[in-house]
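As a plain string of letters, each chain reads:
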Amino acid sequence: MCASLDLASPPSVTTSSRTDRGVHALCNSVHTDLQHQSVPHLTAISTSLVVVVVVVVVVVVVVVVVVVVVAAAAAAAAAAAIVPDLIS
């Protein structure tokens, strides 16, 4: 079964159950962790995707910072032009 699921090792299964005297078990739970074997071409694709996403995020952050700095400079220039008019 492990070969057909392409698992690195057989899965371990953890179970939990509660029974009271004379009744059927209620609230059963089962947990397992499956570890797939690494597929080299998929690893390369996912690594490339991460690099592309990081580059896009960095570019967006730089653009936002530039827009904020330009807006702040424009606001400061507008304020500097208004202040002398207010004083006189």
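As the structure is a prediction and not an experimental result, all values here were calculated from the model.

Scanning the protein from N- to C-terminus turns up one helix and two strands. Ordered by position in the sequence, the α and β elements of the protein form the string β-β-α. Taking all 88 residues of the protein together, the buried fraction comes to 1%. Counting contacts in the protein only where the partners sit at least 6 residues apart, residues at least 24 apart contribute 30% of the total. Carbon together with sulfur atoms contributes 72% to the accessible area of the protein, which is approximately 7600 Å² in total.

Turning our attention to the confidence of the model for the protein. Any region with low pLDDT has predicted coordinates that should not be read closely. Summing up the model confidence of the protein, the mean pLDDT is 77 and the portion of residues at 70 or higher is 66%. Within the protein, the lowest mean pLDDT, 76, falls on strand β2 (residues 26-33), and the highest, 84, falls on helix α1 (residues 40-87).

This paragraph deals with the environment of threonine 14. Here threonine 14 shows up in strand β1 (residues 12-18). For the pair threonine 14 and serine 29, spaced 15 residues apart in sequence, the C-alpha separation works out to 8.4 Å. Excluding residues within four positions of it along the chain, threonine 14 makes contact with Ser29, Val30 and His31.

So, on to a nonpolar patch on the surface. A grouping of Leu49, Val53, Val57, Val61, Val65 and Val69 is seen on the molecular surface, where their side chains present a nonpolar patch of about 520 Å² in accessible area. Mapping valine 57 onto the fold places it in helix α1.

Our focus in this paragraph is the environment of valine 30. Note that valine 30 resides in strand β2. In the structure, valine 30 is positioned 17 residues away from valine 13 in sequence and 6.9 Å away in space, judged by C-alpha atoms. Apart from the residues within four sequence positions on either side, valine 30 is in contact with Val13, Thr14 and Thr15.

Conventions used here
Residues numbered from 1 in each chain as written. Predicted model: local features only at pLDDT ≥ 70, side-chain atom pairs only at ≥ 80, totals over all residues. Heavy atoms only, no water. Helix = DSSP H or I, 4+ residues; strand = E, 2+ residues; numbered from the N terminus. Buried < 20%, exposed > 50% of the residue type's maximum accessible area, 1.4 Å probe, protein only. Contact = heavy atoms within 4.5 Å. Areas by Shrake-Rupley, 256 points an atom, 1.4 Å probe, with all protein chains shown as cover. pLDDT = per-residue confidence, 0-100. Patch = residues over 30% accessible without salt bridge, like charges linked within 9 Å, V, L, I, M, F, W, Y side chains within 5 Å. Salt bridge = Lys/Arg side-chain N within 4 Å of Asp/Glu carboxyl O.

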